[in-house]
Amino acid sequence: MADPESNPTTVEETDPDVEEVDEEEEEDDVPPNQTALGLTSQLMQNPQVLAALQSRMDGIVGTPSGYIQSLPKSVKRRIKALKKLQFDSSKIEGDFYKEVHELECKYATKYIPLFEKRSKVVTGGVEPTDDDCDWPSDEEKEDEKVAQLSDEVKNKAKIGDAEKADSEDKEKKEDNEENSNEKPKTDEGADVKGIPSFWLTVFKNVDMLSEMIQDHDEPILNHLQDVKVKFLSGEEMGFTLEFQFESNKFFNNTLLTKTYTMRSEPDEADPFSFEGPEIIKCKGCEIDWVKGQNVTVKTVKKKQKHKGRGTTRTITKTVQNDSFFNFFSPPQVPEDESEMDEDLEALLAADFEIGHFIRERIVPRAVLYFTGEALENDDDFDEEEEEGEEEGEYDEDADPDYNPQDAA
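This brings us to the pattern of salt bridges. Counting across every chain of the model gives seven salt bridges. One salt bridge connects K230 with E242, and the closest N-O pair in it is separated by 3.6 Å. You can see K230 sitting in strand β1 (residues 224-232) and its partner E242 sitting in strand β2 (residues 237-245), a full twelve residues away along the chain. Taking the relative accessible area as the measure of exposure, K230 reaches 48% and is therefore partly exposed.

Set out below in structure tokens:
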């Protein structure tokens, strides 16, 4: 008779191999979909697998799935009908934006009296009345709080003895006599005209404009008196920015302009990319600089050495200089868009963005950009938008605690 200890098949309770088989059998009871999810999770945590998958995805980005190509001709024919309907819808949308522009031109005339009065206050042409200045401010609220606190302290103060009161009366009489001999105090800054450096401050408070302004631009921009927007109506849709300067020693112009032409209809070459009016080109103006005052160019001296003789000579070259006033000499849009390179496209896109921002935000809300209140509102909006994006993003592959079974 065989020894039971020598026969491993009879000792089932202490044999670890048998227990492992039992565990595998329990795993077999797990639903197949959960097992697959667990395996997928393990694979997705493997960096080599992720790299191979990313490489594969990069190769198929932008390529058709093949589904559309596999459809029958009758279905493809119906898709063409839908695209034609989409094109007709884009044309209706273009007509809508044209009417919006005409409405904008109509209401622009109602803003003119307000903006003209703003310009007169900024330049000192008109002194606002008390009724014009009837607007609450944070400083006035603080002054009211201080006055109330002062009144409370006075009410709680105790009256001293009679002798002390008499002495105070005497001191007051002496002070009054001295004050009567003094000249009346004048309001500080009464000789200041208008609001100095108004538009320069507005521009420097806006990041995209402050990056353009150099130190040598600031004395010139101190002569800027007003910025206006004039809308172009009719067949050519667009707007003109007008920068009005007082007489100065830098250039002879008193008006610098920048005109933007817009398109509010689908492009025939790419009709389905239409998302509303877009700027397609812009035109600046020529600045009549006083000799020696042109800040958009600078003189550079270079030394050249002759290879054969070994002699050196100094040559002088005029090159473009960084300046805000390069804004009035934008690059030209080529007639053939295929000739536009990436650098030119980026320059034009930045220029269009600046022109649109001046029209939409700066001119209508100039005083709020001067005080910085508009910047606070813009920052709050950007932060809320970023927070919303962060809340909506979740990468399950980067989450070490992600469990596909819990997700299921």
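Further remarks concern the side chain of D217. Note that D217 resides in the loop between α9 (207-210) and α10 (218-221). Buried charge without a partner: D217 forms no salt bridge, and the closest opposite charge is K204, 10 Å away. A distance of 2.9 Å separates a polar side-chain atom of D217 from the backbone nitrogen of Q214. Beyond its immediate chain neighbours, meaning those up to four positions away, D217 contacts M212, V295, S323, F324 and F325.

With that settled, consider the nonpolar core. Nonpolar side chains tend toward joint burial in soluble globular proteins. Ranked by size, the top nonpolar core spans 46 residues in total, and within it F203, F243, F325 and I358 carry the most contacts. When contributions to this core are tallied by element, the ones reaching two or more residues are α8 (198-204), α10, β1, β2, β3 (255-263), β4 (278-283), α11 (342-362) and α12 (366-371). With seven residues, the top contributor of residues to this core is α11. Apart from residues no more than four positions distant in its own chain, F203 is found in contact with L209, S210, I213, L224, V227, F243, F324 and I362.

Side chains of L103, Y107, Y111 and L114 sit close together on the surface and give an oily, nonpolar patch of about 430 Å² of accessible area. Inspection of the secondary structure puts L103 in helix α5 (residues 73-123).

Our focus in this paragraph is the layout of surface pockets. Estimated volume of the largest pocket: approximately 2,100 Å³. Residue lining of the largest pocket: 49 residues in total, with L114, R118, V122, F198 and V367 positioned closest to the centre. At the level of elements, α5, α6 (138-156), β1, α11 and α12 are the ones that each hand at least two residues to the lining of the largest pocket. Partitioning the lining of the largest pocket into residue classes produces 27 nonpolar, six polar and 16 charged.

Looking at the protein chain, the pLDDT average stands at 76 and 63% of residues meet or exceed 70. Throughout residues 1-28 the model reports pLDDT below 50, and contacts reaching past four residues in sequence, or to other chains, amount to five contacts. Every residue in residues 388-392 is under pLDDT 50, and counting partners more than four places away or in other chains gives zero contacts.

About the criteria used
Residues numbered from 1 in each chain as written. Predicted model: local features only at pLDDT ≥ 70, side-chain atom pairs only at ≥ 80, totals over all residues. Heavy atoms only, no water. Salt bridge = Lys/Arg side-chain N within 4 Å of Asp/Glu carboxyl O. Helix = DSSP H or I, 4+ residues; strand = E, 2+ residues; numbered from the N terminus. Buried < 20%, exposed > 50% of the residue type's maximum accessible area, 1.4 Å probe, protein only. Lys, Arg positive; Asp, Glu negative; His and termini not counted. Polar contact = N/O pair within 3.5 Å; in protein donor to acceptor, adjacent residues only side chain to side chain. Contact = heavy atoms within 4.5 Å. Core = buried A, V, L, I, M, F, W, Y, C linked by side-chain atoms within 4.5 Å. Patch = residues over 30% accessible without salt bridge, like charges linked within 9 Å, V, L, I, M, F, W, Y side chains within 5 Å. Areas by Shrake-Rupley, 256 points an atom, 1.4 Å probe, with all protein chains shown as cover. 1 Å grid on protein atoms, 1.4 Å probe; cavity = no way out; pocket = protein on both sides within 12 Å on 5 of 7 lines; lining within 4 Å. Points joined across faces, edges and corners; volume = space filled by probe spheres on them. Nonpolar A, V, L, I, M, F, W, Y, C, P; charged D, E, K, R; others polar. pLDDT = per-residue confidence, 0-100.

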